[in-house]
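Coordinate analysis (summary)
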Amino acid sequence: MDAVTFDDVHVNFTGEEWHLLDPSQKNLYKDVMLETYLNLKAIGYNWEEQHLGEHCQSTIRHERHVRNHSGEKPYECNQCGKAFARSSHLQNHKRIHTGEKPYECNQCGKAFSDVNNFQRHKRTHTGEKPYEYNQCGKAFTRQNHLQYHIRTHTGKKPYECNQCGKAFVCHGSLQYHKRTHTGER
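Residues numbered from 1 in each chain as written. Predicted model: local features only at pLDDT ≥ 70, side-chain atom pairs only at ≥ 80, totals over all residues. Heavy atoms only, no water.

**Remarks on the overall build of the protein**
Selection criterion: In this text, helices come from DSSP runs of H or I with a minimum length of four residues, and strands from runs of E with a minimum of two, each type numbered from the N-terminal end. Burial here depends on accessible area, computed with a 1.4 Å probe over protein chains only, as a share of the maximum for the residue type. Under 20% is buried, over 50% is exposed, and the range in between is partly exposed.
Secondary structure summary: the protein contains eight helices and eight strands in total. Expressed as a percentage of the 185 residues in the protein, the buried residues total 21%.

Here it is as structure tokens:
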């Protein structure tokens, strides 16, 4: 009799099948797959750990991708009712209510509630610009600024005003432009 492997018991959902599962079913699936792996490991089956990590990461990425397109936001703030697609975004949001700012710059003392904003802030002190466009050499502190810059090379302007047809490289510029139609400052 052949030994059972993780691949023998692993269930691989298609994107369509995964989309049909509710959040509790998705969590159950992840828990069962992790427990199965740990049980196989306990009886001596040495499956490469990276494969489980890759599988779990791809499952999580897939779940996030589905949420992005479906608009599903299962994580809701119990104070204001705002909903989020990721639990980490809810945790960051809750700091608005508490005023907690756990990330403090050791150079200037400025504090942040979000680690990503803190990381970006540190670049103001170091001058680091990790996002570089290889065609012209221009570098940026933020990835989205690189994306906007690339559009100056390609001419792509995906954000169009539905009133006058003028197009923009970033959503913020379109929002600012829309004020010209409403008279808002």
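**So, the confidence of the model for the protein**
The criterion, for reference: What pLDDT conveys is the predictor's confidence in a given residue, as a value from 0 to 100.
Model confidence for the protein is summarised by a mean pLDDT of 81, while 76% of its residues fall at 70 or above. Strand E4 (residues 111–112) holds the highest mean pLDDT among the elements of the protein, 93, whereas helix H4 (residues 49–70) holds the lowest, 58.

**Concerning helix H6 (residues 115–126)**
The test is simple: In this scheme, a helix's expected span is set at 1.5 Å multiplied by one less than its residue total. Contact criterion: two residues are considered in contact whenever any of their non-hydrogen atoms come within 4.5 Å of each other. For this analysis, a polar contact is any N or O atom pair within 3.5 Å, provided that within protein one partner can donate a hydrogen and the other can accept it, and provided that sequence-adjacent residues contribute only side-chain to side-chain pairs.
Between its first and last C-alpha, H6 extends 17 Å over 12 residues, near the 16 Å set by a 1.5 Å rise per residue. Listing the buried residues of H6 in full gives Phe118, His121 and Arg123. Residues of H6 that are buried make contact with strand E3 (103–104), E4 and strand E5 (131–132). Its side-chain oxygen at 3.0 Å from the backbone nitrogen of asparagine 116, aspartate 114 defines the N-terminal cap of H6. Count one or two residues on from H6 and you reach glycine 127, which has phi positive near 75°.

**Let's talk about the side chain of arginine 123**
On the secondary structure map, arginine 123 appears in helix H6. Aside from chain neighbours lying at most four places away, what touches arginine 123 is Glu128, Pro130, Tyr131 and Thr141.

**Overview of the pattern of salt bridges**
Using the following cut-off: The rule for a salt bridge is simple: a side-chain nitrogen of Lys or Arg has to be within 4 Å of a carboxyl oxygen of Asp or Glu.
Considering all chains together, one arrives at two salt bridges under this definition. Between arginine 95 and glutamate 100 there is a salt bridge, and its shortest N-O distance comes to 3.8 Å. Of the charged contacts in the structure, one is a salt bridge between arginine 123 and glutamate 128, with a shortest N-O distance of 4.0 Å. Since its relative accessible area comes to 15%, arginine 123 is described here as buried. The class for glutamate 128 is partly exposed, based on a relative accessible area of 42%.

**What about helix H5 (residues 87–98)?**
Over its 12 residues, H5 extends 17 Å from the first C-alpha to the last, a length consistent with the 16 Å expected when each residue adds 1.5 Å. If you check which residues of H5 are buried, you get Leu90, His93 and Arg95. Elements in contact with the buried residues of H5: strand E1 (75–76), strand E2 (83–84) and E3.

**With respect to the environment of arginine 86**
With respect to the element layout, arginine 86 can be found in the loop between E2 and H5. You can call arginine 86 partly exposed: its relative accessible area is 30%.

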